[in-house]
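# Observations on the three-dimensional arrangement
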Amino acid sequence: IVRPFSEIPGLWKNGVVNLYNFWKLNGFRNLHRIMLQNFNTFGPIYREKIGYYESVNIIKPEDAAILFKAEGRYPKRLKVEPWTSYRDYRNRKYGVLLKNGEDWRNNRVILNKEVISLKMLENFVPLLDDVGQDFVARVHKKIQRSGQNKWTTDLSQELFKYALESVSSVLYGERLGLMLDYIDPEAQRFIDCITLMFKTTSPMLYIPPALLRLVGAKVWRDHVHAWDGIFNHADRCIQNIYRQLRQETETSKEYPGVLASLLLLDKLSIEDIKASVTELMAGGVDTTSITLLWTLYELARHPNLQEELRAEVAAARTASQGDMLDMLKRIPLVKGALKETLRLHPVAVSLQRYIAEDIIIQNYHIPAGTLVQLGLYAMGRDPKVFFRPEQYLPSRWLRTKTQYFRSLGFGFGPRQCLGRRIAETEMQIFLIHMLEHFRIEKQRNVEVQSTFELILLPDKPIILTLKPL
Ligand code: HEM
Ligand code: 2DC
């Protein structure tokens, strides 16, 4: 017998009281741990209301399968209101990230072909490989300058630059030059603005930004300042390509990048293209760089595993005779490592959908229109879902049984991460080059955990040592 919606366990009666308790628990930074704790208290399904925002939370892969089957033709996730508020405030168009319904679908179908289709990999790989090689050269230079035959540092700023250079080279078909010693201060400002944008989003998730704007709150002002910086820089990059394109008389055979391809295709309005390319540029920095930082951290903690991966990469290099596109098909363990990183250190604490039809989960009826969240962070650490979840074991992903609705770091279905192909390729190429050139070590045993700043970030600097092989 199916139990009614009202019987789902959890705290959903008094949203204001719950918001207060959430705030007392420093929930704005601990969202992932609070979710994990709620699953421990209430079991594999719970209902929750924080402030004005209500959801049902689930943790099991089988239930994720039911959720995604009910997402409908226009999958919709939780609206990040600070982001839409900014665009409304500044009269800017939503890109694919923030659009919904038919408008989202029309844009997404066209963007898919240029951004996430496997066919594009042959265009992306040479560009990304170049950036990877330049990163290696840069590290070698830093090692030389140190005079100690090693380089010990917090790599996050370097990785931000690597990620921005990578995503820009794919979007614009040309290099920004961020692997050089003197970089465009505009680019550095762009990077800082993205970090600030994420940081100022989380405190506003549960309080209507319109209200914060009304009272002139500092978070709102900082948030606006951050997005202004992001849009200004992206506009400059886009204008630059647009101008070049109009000056060129004949089109060359060379791949011109995502933006120029979209402009030449002429199927989306220029305003739509600008909005989505800006989102791609902003979405492509902190996500991949933090995932790479966590991966290097795990490899430093597991030297034997690091050697195993290095051997796989060396064998792949030989077998593919250096053809990078081919090489990427021969590194299952490296790919497993990235999945393992996203299991333990996901970028997104949850995946969410407003379900399009009624469903039954854990024998509870859930009506259409409900916001259902899959606790991605909690699932990755659940011993009922993953054998010995605390262990970093890339090889677990070599078994197909492990895969069923468990590898969800990029989301699922037609609304999954649009940058997924770029992100995966960029990260795989990075690891290939790093493993081929450096040994990765870490200092003492400092336990690094996650903190929630809209995306999950390391709660303290990760200091690593790179030594030439
Ligand atoms: C959406 C994760 C890198 C652009 C998403 C979503 C997740 C995610 C979980 C929501 C998917 C869903 O609701 O099913 C990640 C992770 C990354 C990464 C883990 C890297 C490790 C990137 C990069 C870009 C990007 C590099 C841009 C080049 C986007 C966009 C969306 C999105 C535009 C919205 C798509 C839509 O609404 O149609 N990402 N992402 N992401 N991501 Fe990523
Ligand atoms: C944050 O409760 C926690 O990929 C909220 O590249 C629910 C929620 C909704 C949407 C998620 C967000 C969380 C985390 C960051 C995500 C975002 C959708 C896309 C975004 C996962 C889980 C991200 C980082 C994009 C960002 C692109 C942007 C900078 C233009």
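It should be emphasised that the depicted structure is a prediction, and the values quoted were computed from it without experimental measurement. (Residues numbered from 1 in each chain as written. Chains lettered and ligands numbered in written order. Predicted model: local features only at pLDDT ≥ 70, side-chain atom pairs only at ≥ 80, totals over all residues. Heavy atoms only, no water.)

### So, the coordination of the iron atom of ligand 1
For the iron atom of ligand 1, the sole protein-derived donor is C417 (SG), lying 2.3 Å away. Structurally, the position occupied by C417 is in the loop between α17 (376-380) and α18 (420-437). (Donors = N, O, S within 2.8 Å, 3.2 Å for Na, K, Ca; no water. Helix = DSSP H or I, 4+ residues; strand = E, 2+ residues; numbered from the N terminus.)

### Regarding the packing of aromatic side chains
The final tally for this structure, using the stated rule, is 20 aromatic pairs. Where F28 meets Y206, the ring centres are 6.3 Å apart and the plane angle is 40°; that geometry is what we call tilted. Linking F28 in helix α2 (residues 27-42) with Y206 in the loop between α8 (185-201) and α9 (209-214), this pair joins segments that are 178 residues apart in sequence. Of the two residues, F28 and Y206, neither departs from the other in class, the shared state being buried. With centroids separated by 5.0 Å and ring planes inclined at 80°, the aromatic side chains of Y404 and F405 adopt a geometry described as edge-to-face. Among the aromatic side chains, those forming a connected cluster through ring pairs are W83, Y86, F198, W227 and F231. Geometry around F386 places R343 over its ring, the cationic atom sitting 5.1 Å from the centre. (Phe/Tyr/Trp six-rings, centres within 6.5 Å; stacked < 30°, edge-to-face > 60°. Buried < 20%, exposed > 50% of the residue type's maximum accessible area, 1.4 Å probe, protein only. Lys NZ or Arg CZ within 6 Å of the ring centre and 35° of its normal.)

### A short note on the site of ligand 2
In the vicinity of ligand 2 lie 19 residues, with L78, M197, G283, S350 and Q352 positioned nearest. Protein coverage of the free-state accessible area of ligand 2, which is 630 Å², stands at 90%. Counting residues per element, the ones that place at least two in the shell around ligand 2 are α8, α12 (270-283) and β5 (350-354). Ranked by the residues each element gives to the shell around ligand 2, the list is headed by α12, at three residues. Its residues placed into classes, the shell around ligand 2 shows 13 nonpolar, four polar and two charged. (Near = heavy atom within 4 Å. Areas by Shrake-Rupley, 256 points an atom, 1.4 Å probe, with all protein chains shown as cover. Nonpolar A, V, L, I, M, F, W, Y, C, P; charged D, E, K, R; others polar.)

### Section: the pairing of strand β9 (residues 438-442)
Here β9 shows one buried face, formed by F438, I440 and K442, and one open face, formed by R439 and E441. Pairing geometry for β9 and strand β12 (residues 463-468), over five bridges, is antiparallel. From the neighbouring strand, R439 faces β12, where its bridge partner is K467. (Pairing = 2+ DSSP bridges.)

### Notes on the pattern of salt bridges
Taken as a whole, this structure holds 31 salt bridges when the rule is applied. Across the pair R92 and D235 runs a salt bridge, and its minimum N-O distance is 3.4 Å. Here R92, found in the loop between α4 (81-90) and α5 (101-115), pairs with D235, found in helix α10 (residues 218-247); they are 143 residues apart in sequence, far enough to count as distant. On the basis of relative accessibility, which here comes to 26%, the residue R92 falls in the partly exposed class. (Salt bridge = Lys/Arg side-chain N within 4 Å of Asp/Glu carboxyl O.)

### Observations concerning the packing of α8 against α10
The N-to-C vectors of α8 and α10 enclose an angle of 145°; their axes lie 8 Å apart at closest approach. With respect to the hand of their crossing, α8 and α10 are arranged in left-handed fashion. Each of E186, A187, R189, F190, C193, I194, L196, M197, T200 and T201 in α8 lies in contact with α10, whose residues at this interface are V219, D222, H223, H225, A226, W227, G229, I230, H233, A234 and R236. For the contact of α8 with α10, the per-class residue count stands at 11 nonpolar, six polar and four charged. (Axes fitted to C-alpha atoms, helices over the stretch in contact; angles between N-to-C directions. Left-handed = near helix turned anticlockwise from the far one by under 90°. Contact = heavy atoms within 4.5 Å.)

### What about the site of ligand 1?
Ligand 1 sits among 27 residues. The nearest are R77, R108, R353, R415 and C417. At a separation of 2.8 Å, an oxygen atom of ligand 1 approaches a polar side-chain atom of R108. No other element matches helix α13 (residues 286-301), which puts three residues into the shell around ligand 1. Residue composition of the shell around ligand 1, by class: 14 nonpolar, nine polar and four charged. (Polar contact = N/O pair within 3.5 Å; in protein donor to acceptor, adjacent residues only side chain to side chain.)

### Considering the sheet that holds strand β2 (residues 45-50)
Within the open sheet, the five strands sit side by side as β1-β2-β3-β8-β5. Their pairing is mixed. Two strands in the sheet have a free side with no partner beyond their single neighbour: β1 (10-11) and β5.

### A closer look at the packing of α13 against helix α14 (residues 303-320)
Where α13 meets α14, the closest approach of the two axes is 5 Å, and the angle between their N-to-C directions is 110°. Comparing their axes, α14 and α13 come out roughly perpendicular. Touching L299, A300 and R301 of α13 are P303, L305, Q306 and L309, all from α14. A per-class count over the contact of α13 with α14 returns five nonpolar, one polar and one charged. (Parallel < 35°, antiparallel > 145°, perpendicular 65-115°, else oblique.)

### Quick word on the sheet that holds strand β4 (residues 151-154)
Strand order across the open sheet formed by three strands is β4-β12-β9, with antiparallel pairing between neighbours. Looking along the sheet, the strands with just one partner apiece sit at the ends: β4 and β9. Across the sheet, the axes of successive neighbouring strands diverge by a mean angle of 30°, strand direction being ignored.

### Digging into unusual backbone geometry
Here the phi dihedral of D266 falls at roughly 60°; this positive angle occurs in a residue that is not glycine. Although it is not a glycine, F405 sits at a positive phi angle of roughly 50°. Relative to the assigned elements, F405 resides in the loop between α17 and α18. Note on F405: relative accessible area 15%, which makes it buried.

### Observations regarding the state of the cysteines
On inspection of all chains with the given rule, the structure shows zero disulfides. With no disulfide partner, C237 has as its closest neighbouring cysteine sulfur the one in C193, 13 Å distant. (Disulfide = S-S within 2.5 Å.)

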